[in-house]
Amino acid sequence: GGGGALSGMPPTACVMRMQGLPYRVRHREVEDFFRGYDYVPGSVEFGVDSRGRPSGEGWIIFRSSHAAREALNARNNKYIGDRYIKLFL
């Protein structure tokens, strides 16, 4: 059983971590931020703090490390709303 979040993902899948997300950001806004890069639709996850509130951290899965690296090089420190987003592989 199980398999977790990566079950059914390509074997080359690569997770990118995001910091600095607006607390009210929506999944679609993150997908729009990475439009044109080969991410896995529906793979965006948001972190929460110990009280269950948004932490400003999130993750998105790309189909390959090459696609993730391309997105990181192009989108690191770019803005969603008035917050700049730091990206990590």
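What you see as residue numbers is a count from 1 along each chain, following the sequence as written. Only residues with pLDDT of at least 70 get local features here, since the model is predicted, and only at 80 or more are side-chain atom pairs given and counted; chain-wide, interface and lining totals rely on the full set of residues. Excluded from the side-chain calculations are hydrogens and water; all other atoms, namely the structure's heavy atoms, are used.

1. Remarks on helix H2 (residues 65-75)
Taken as a whole, H2 has its buried residues at Ala67, Ala68, Ala71 and Leu72. Axial view of H2: buried residues confined to an arc of 135°, hence all on one face. Every exposed residue of H2 that faces more than 90 degrees away from the buried side is listed here: His66 and Asn73. Should any heavy atoms of two residues lie within 4.5 Å, those residues are considered in contact. The helix count covers DSSP runs of H or I at least four residues long, the strand count covers runs of E at least two residues long, and both are numbered beginning at the N terminus. Of the surrounding elements, those touching the buried residues of H2 are strand S1 (14-19), strand S3 (54-62) and strand S6 (86-88). Just past H2, the residue Asn77 takes up positive phi, approximately 65°. Remark: exposure states derive from per-residue accessible area (1.4 Å probe, protein chains only) relative to the maximum for the residue type, with buried under 20%, exposed over 50%, and partly exposed in between. Directions drawn from the helix axis to the C-beta atoms are what define this arc.

2. Considering the pairing of strand S2 (residues 45-48)
Note on pairing: two strands pair once DSSP finds at least 2 bridges between them. Both S2 and S3 contribute to a ladder of 3 bridges, which runs antiparallel. Directly across from Phe46, in S3, lies its bridge partner Gly58. Where S2 hands over to S3, the hairpin turn is made up of 5 residues, of which Gly52 adopts a positive phi near 85°.

3. Here we look at the sheet that holds S2
Read from one edge to the other, the open sheet built from 4 strands follows the order S2-S3-S1-S6, with strand pairing classed as antiparallel. Strands at the two margins of the open sheet, each flanked by one partner only, are S2 and S6. Direction aside, the axes of adjacent strands within the sheet are offset by 25° on average. The pairing of S1 with S3 spans 6 bridges and is classified as antiparallel. For Gln19, the partnering residue across the bridge sits in S3 and is Glu57. Geometry is summarised by axes, namely lines fitted to C-alpha atoms with helices restricted to the contacting stretch, and by angles between N-to-C directions that run from 0 to 180 degrees. Contacts between H2 and the sheet are confined to S1, S3 and S6, with S1 contributing the most and set at about 20° to the helix.

4. Observations concerning the packing of aromatic side chains
Only the six-membered ring of Trp is used, alongside the rings of Phe and Tyr, when aromatic pairs are assigned; centres must lie within 6.5 Å, and planes under 30 degrees apart are stacked while those over 60 apart are edge-to-face, with the rest tilted. What the rule picks out here adds up to 3 aromatic pairs. Ring centres 4.9 Å apart and planes at 85° place the aromatic pair Phe33 and Phe34 in the edge-to-face group. Here the two residues Phe33 and Phe34 agree in accessibility, since each one is buried. Consider the rings of Phe34 and Phe62, whose centres lie 5.3 Å apart with planes at 85°: the pair is edge-to-face. Residue Phe34 is located in the loop between helix H1 (27-33) and S2, and its partner Phe62 is located in strand S3; the two are separated by 28 residues in the primary sequence. Taking relative accessible area as the criterion, Phe34 reaches 0% and is therefore assigned buried.

5. Quick look at the nonpolar core
Among the nonpolar cores identified, the biggest contains 19 residues, and Met16, Met18, Val30, Phe34, Ile60 and Phe62 are the most heavily contacted of them. Secondary structure elements with two or more residues in this core: S1, H1, S3 and H2. Considering each element in turn, this core owes the most residues, 4 residues, to H2. Not counting residues within four places of it along the chain, the set of residues in contact with Phe62 comprises Ala13, Cys14, Met16, Phe34, Tyr37, Asp38, Tyr39, Val40, Ala67, Ala68 and Ala71. Nine residue types can take part in a nonpolar core, namely buried Ala, Val, Leu, Ile, Met, Phe, Trp, Tyr and Cys, and a core is a set of them joined through side-chain atoms within 4.5 Å.

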